[in-house]
Amino acid sequence: MIKANYHKYLLNFKQASGTSRGVLRTKETWFLILEKEGKKGFGECGLFRGLSVDDRPDYEEKLQWACNNINVDLEKLLTELIEFPSIQFGLEQAFLSLESKTPFELFPSELTEGKQQISINGLIWMGDKAFMQEQIKNKLQQGFTTIKMKIGAIDFDTEIQLLQSIRKEFSAKEIELRVDANGAFLPENALEKLQRLSELELHSIEQPIKQGQWQEMASLCKKTPLPIALDEELIGVFSSEEKEKCIATIQPQYIILKPSLVGGFQGSSEWIKIASNHKAGNWITSALESNIGLNAIAQWTYTLKNPLPQGLGTGSLFTNNFESPLEVANGSLGYNTKKNWHFNI
């Protein structure tokens with residue numbers, strides 16, 4: 001018999017991090033802990049207030065329900081929790097962790113052996129021009145060759161100038177630039193903004209307009225001079241039929257998977273399969289999980305063998321994250337096998 005319980009944990013940002021939805025200072029997360037015959041398994045339910053579809057008043061109640069029913073078949077649990085993707089993901093991790101030789105090596109590979117790394121993008125948070133310039137300089141000094149900049153919170157012309165300043169120094173071959181609008185553009189002026197951005201030879205733009213406007217997004221994807229990646233658009237789309245309808249209607253160039261927001265490994269894999277049938281590429285991104293969730297996402301991502309830089313550089317954002325072998329160096333995420341896990345809650 002498996003015993004299960006959960007703990008809430010508040011991650012504190014080292015510095016307030018700006019998005020188009022406001023400034024983040026803390027990030028709430030929940031840990032599932034399974035015990036069986038003296039072994040423990042850990043999973044992180046990375047609830048994202050204001051963004052997760054499972055940001056609901058009954059969230060903790062559902063976590064308790066999952067713990068009470070932990071000895072039910074996992075597939076049945078996942079089906080029952082279809083509207084709670086972060087709990088689904090936490091359960092997937094916890095069961096893998098319980099069955100693994102060590103609780104934090106869910107997908108043993110050359111990555112966990114410290115022999116290979118995952119190429120990742122350097123994330124630039126929103127803020128005033130000087131703050132964003134400082135971040136860009138730091139990321140370039142740290143060896144990143146792919147930079148992702150969040151846009152849509154300050155004046156668009158200022159954001160264009162920031163991107164131009166990078167392009168004056170580095171060509172598209174030297175530095176790949178991605179932007180994330182988090183739905184900040186209006187459908188009526190989005191195409192014009194995409195035209196201006198495309199002059200800077202960007203790799204792609206994430207979610208130019210708010211999710212849920214499938215026809216408008218489809219029109220943009222058809223006319224865009226710049227590849228469009230769906231991100232928030234995938235949140236809250238549960239059934240295989242709806243996922244198929246979403247991708248078939250919009251026909252995006254890319255999709256971005258955040259396992260905590262789209263139903264873990266299983267939900268993400270289904271999206272990838274549907275998107276690839278429509279010739280859309282993908283990459284994986286963490287959603288401000290602690291190193292427990294980031295570890296699970298990174299190990300799974302490595303198994304996909306996707307050559308594109310992934311969005312997994314968020315582990316160093318918090319003052320009270322858990323010590324782990326995860327390490328970012330020269331624009332890549334890898335494992336320092338000399339470092340140990342310190343997970344105490």
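Rules and cut-offs
- Residues numbered from 1 in each chain as written.
- Predicted model: local features only at pLDDT ≥ 70, side-chain atom pairs only at ≥ 80, totals over all residues.
- Heavy atoms only, no water.
- Pairing = 2+ DSSP bridges.
- Helix = DSSP H or I, 4+ residues; strand = E, 2+ residues; numbered from the N terminus.
- Buried < 20%, exposed > 50% of the residue type's maximum accessible area, 1.4 Å probe, protein only.
- Right-handed = clockwise from strand over helix to strand, strands pointing away.
- Axes fitted to C-alpha atoms, helices over the stretch in contact; angles between N-to-C directions.
- Parallel < 35°, antiparallel > 145°, perpendicular 65-115°, else oblique.
- Left-handed = near helix turned anticlockwise from the far one by under 90°.
- Contact = heavy atoms within 4.5 Å.
- Nonpolar A, V, L, I, M, F, W, Y, C, P; charged D, E, K, R; others polar.
- Salt bridge = Lys/Arg side-chain N within 4 Å of Asp/Glu carboxyl O.
- Domains from an automatic or database assignment.
- Buried area = accessible area lost by both parts, 1.4 Å probe.
- Expected span 1.5 Å × (residues − 1).
- Arc of directions from axis to C-beta.

Per an unreviewed UniProt entry, the recorded name for the protein is O-succinylbenzoate synthase, and the organism is Tenacibaculum gallaicum.

Reading across from one edge, S4-S13-S12 is the order of the three strands in this open sheet, with antiparallel pairing throughout. Whereas interior strands pair on both sides, the edge strands pair on one side only; in this sheet they are strand S4 (118–119) and strand S12 (326–329). With two bridges joining them, S4 and strand S13 (residues 332–335) adopt antiparallel strand pairing. Across the sheet, residue Ser119 finds its bridge partner in S13, namely Ser332.

Our next topic: the pairing of strand S6 (residues 146–150). Within S6, five of the five residues are buried, leaving the element largely enclosed by the surrounding structure. Here S6 shows no split at all, with Thr146, Lys148 and Lys150 on one side and Ile147 and Met149 on the other all buried. One ladder, built from three bridges, connects strand S5 (residues 122–124) with S6; its direction is parallel. Opposite Ile124, over in S6, you have Met149 as the bridge partner. Handedness of the β-α-β unit built from S5, helix H4 (residues 129–141) and S6 comes out right-handed. Where S6 lies against strand S7 (residues 176–180), five bridges are found, and the strand directions are parallel. Looking across to S7, one finds that Thr146 is bridged to Glu176. Following the chain from S6 across helix H5 (residues 156–169) to the adjacent parallel S7, one finds a crossover that is right-handed.

On to the packing of H4 against H5, then. Look at H4 against H5: their axes get within 11 Å of each other, and the N-to-C directions meet at 25°. As far as their axial angle goes, H5 and H4 are roughly parallel. As H4 runs across H5, the sense of the crossing is right-handed. Taken together, the residues of H5 that come into contact with H4 (itself represented by Lys129, Met132, Gln133 and Ile136) are Thr158, Gln161, Leu162 and Ile166. Class assignment of the residues belonging to the contact of H4 with H5 gives a composition of four nonpolar, three polar and one charged.

Another aspect to go through is the pattern of salt bridges. As enumerated under the stated definition, the model contains 14 salt bridges in all. The residue Lys243 makes a salt bridge to Glu270 at a minimum N-O spacing of 2.7 Å. With Lys243 in helix H8 (residues 240–250) and Glu270 in helix H10 (residues 264–277), this pair connects stretches of sequence that are 27 residues apart. Residues joined in a network through salt bridges with shared partners are Lys148, Lys150, Asp180 and Glu206.

Looking now at the sheet that holds S7. Backbone-to-backbone hydrogen bonds pair the strands of a sheet. The strands run either parallel or antiparallel. In spatial order, the strands read S5-S6-S7-S8-S9-S10-S11; together these seven strands make up an open sheet with parallel pairing. Each end of this open sheet is capped by a strand with a single partner; those strands are S5 and strand S11 (281–284). The sheet shows a mean angle of 25° between the axes of neighbouring strands, direction not considered. Each of S6 and S7 touches H5; the most contacted strand, S7, lies at about 165° to it. Along the sheet, H10 makes contact with strand S10 (254–257) and S11, crossing S10 at roughly 175°.

This part covers the domain arrangement of the protein. Taken domain by domain, the protein holds domain 1 (3–99) and domain 2 (117–335). Inter-centroid distance (C-alpha atoms) of domain 1 to domain 2 is 23 Å. The partner domain 2 presents 33 residues to the 32 residues of domain 1 that form the contact. At the boundary of domain 1 with domain 2, total buried surface from both sides reaches about 2900 Å², with 64% on carbon and sulfur atoms. Inspection of the domain 1/domain 2 interface yields zero salt bridges. Contributing elements (two or more residues each) for the side of domain 1 that touches domain 2: strand S1 (3–19), strand S2 (22–36), helix H2 (74–80) and helix H3 (85–99). The element contributing the most residues to the side of domain 1 that touches domain 2 is S1, with ten residues. Each residue belonging to the side of domain 1 that touches domain 2 can be placed in one class, and the counts come to 14 nonpolar, eleven polar and seven charged.

Here H4 spans 18 Å end to end across 13 residues, near enough to the 18 Å set by a 1.5 Å rise per residue. Among all positions of H4, only Met132, Gln135, Ile136 and Lys139 are buried. The buried residues of H4 occupy one face: seen down the axis, they fall within an arc of 100°. Every exposed residue of H4 that faces more than 90 degrees away from the buried side is listed here: Ala130 and Gln141. The inward-facing, buried residues of H4 abut S5, S6 and H5. Of the residues trailing H4, Gly143 is marked for its positive phi of about 90°.

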